[in-house]
Amino acid sequence: MPAGLLSSYTGRFAPSPTGPLHAGSLVAALASRLDALAQRGRWLLRIEDLDPPREVPGAAMAIIDTLQRLGFAHDGEIEFQSRRGALYQQAFDRLLQAGWVYPCACTRREIADSLLSFASLRARHAELIYPGTCRHGMPAGRQARAWRVRVGDAVIEWQDRRSGSQCEALAQTVGDFVLRRADGLWAYQLAVVVDDAGQGVTDVVRGDDLRDSTARQIYLQRLLGSPTPRYLHLPVVTDAQGEKLSKQTGAKAIDVTRPIDELNHALAFLQLGTIATDSLDRFWSEATLRWARASRDWR
């Protein structure tokens, strides 16, 4: 491909403003941008501010500023999910009119109580498997708390660029899942599908903690007639206890006074070594070459 010519590739980084950018988020940001640069594609920045109760005031702007100080240059305008509610409503209405969506009155406790061997189920799954209590209508006298999408007997097969073939029977892992929450907020699964389709995202590079969301997102893509991106899930950064590094567990903010050091820590976690330089331009150029060489062997 001639130098400077854009490919059809469009990637994105989509952090939630629940705190400052930390080492785990930086790994995902770095990998997603390097993948876009290696393929001479576009790299978008989207702020997933869907959940106001969990957001930290000023976090969105702090994340954007940190990325800029580390040399991340995004294409196009920054999108904010909080401004895209009308698009989520349109997608929801299409699914509702087609009979895929139904109201649910169940509380989380009721779902748990309805499941056999709840303790063992909870140990195996990050969330409860919905048993279909309201699938054919809510109990008399109850009001809708949330809205769910029917999964039926859908089995989703997909390819991860790094890990290969994946397969999930949704009824056995999550059941009919929520599209609109009991508090009226849009669920992440619907919003991300609408956003990726609307922004023309062709490739999603993110942490392995989101791998379990992929089958649900592909299912919604198919219901809505949206294209399915390619997916690449990477190991997540963990703390000393082996837990995923996160804002909720007190992960430290990126030190913007040491941009090369922070970037090199992320690059080393991706098993691409470190780059001895004081120049951000030099770092990004060499890191892109290393990523391009390493990713040739991935599916």
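What counts as what
Along each chain, residues carry numbers from 1 onward, in the same order as the chain's sequence is written. Only residues with pLDDT of at least 70 are given local features in this predicted model, and only at 80 or more are side-chain atom pairs given and counted; all residues enter the totals for whole chains, interfaces and linings. Side-chain metrics in this entry use all non-hydrogen atoms of the structure; hydrogen atoms and water are not considered. Note on aromatic pairs: the rings of Phe, Tyr and Trp (six-membered ring only in Trp) are paired at centre separations within 6.5 Å, and the planes decide the class, stacked below 30 degrees, edge-to-face beyond 60, tilted for the rest. Elements are defined by DSSP. Helices are runs of H or I of four residues or more, strands are runs of E of two residues or more, and each kind is numbered from the N terminus. Relative accessibility thresholds used throughout: buried, under 20% of the residue-type maximum; exposed, over 50%; partly exposed, between the two (1.4 Å probe, protein chains only). On a range of 0 to 100, pLDDT expresses the predictor's confidence in each residue. Two residues form a contact once any of their heavy atoms are found within 4.5 Å.

Right, let's talk about the packing of aromatic side chains for a bit. For the structure on display, the rule yields eight aromatic pairs. With centroids separated by 6.5 Å and ring planes inclined at 65°, the aromatic side chains of Phe177 and Tyr219 adopt a geometry described as edge-to-face. Of the two residues, Phe177 is situated in strand 8 (residues 177-180) and Tyr219 in helix 8 (residues 211-224); the sequence distance between them amounts to 42 residues. The exposure class assigned to Phe177 is buried, which follows from its relative accessible area of 3%. Tyr219 gets classed as buried once you look at its relative accessible area, which sits at 7%.

Let us look at unusual backbone geometry. The backbone of Arg40 shows a phi angle near 55°, a positive value even though the residue is not glycine. Here Arg40 lies in the loop between helix 1 (23-38) and strand 2 (42-47). Look at Arg40 and you get partly exposed, because its relative accessible area is 32%.

Within the chain, residue pLDDT values average 91, and 90% of them lie at 70 or more. For residues 117-125, every residue scores under 50 in pLDDT, and the model assigns this stretch eight contacts once sequence neighbours within four places are set aside.

Relative to the helices and strands, Gln189 resides in helix 7 (residues 188-198). Setting aside its immediate chain neighbours within four residues, Gln189 contacts Phe177, Ser213, Arg216, Gln217 and Leu220.

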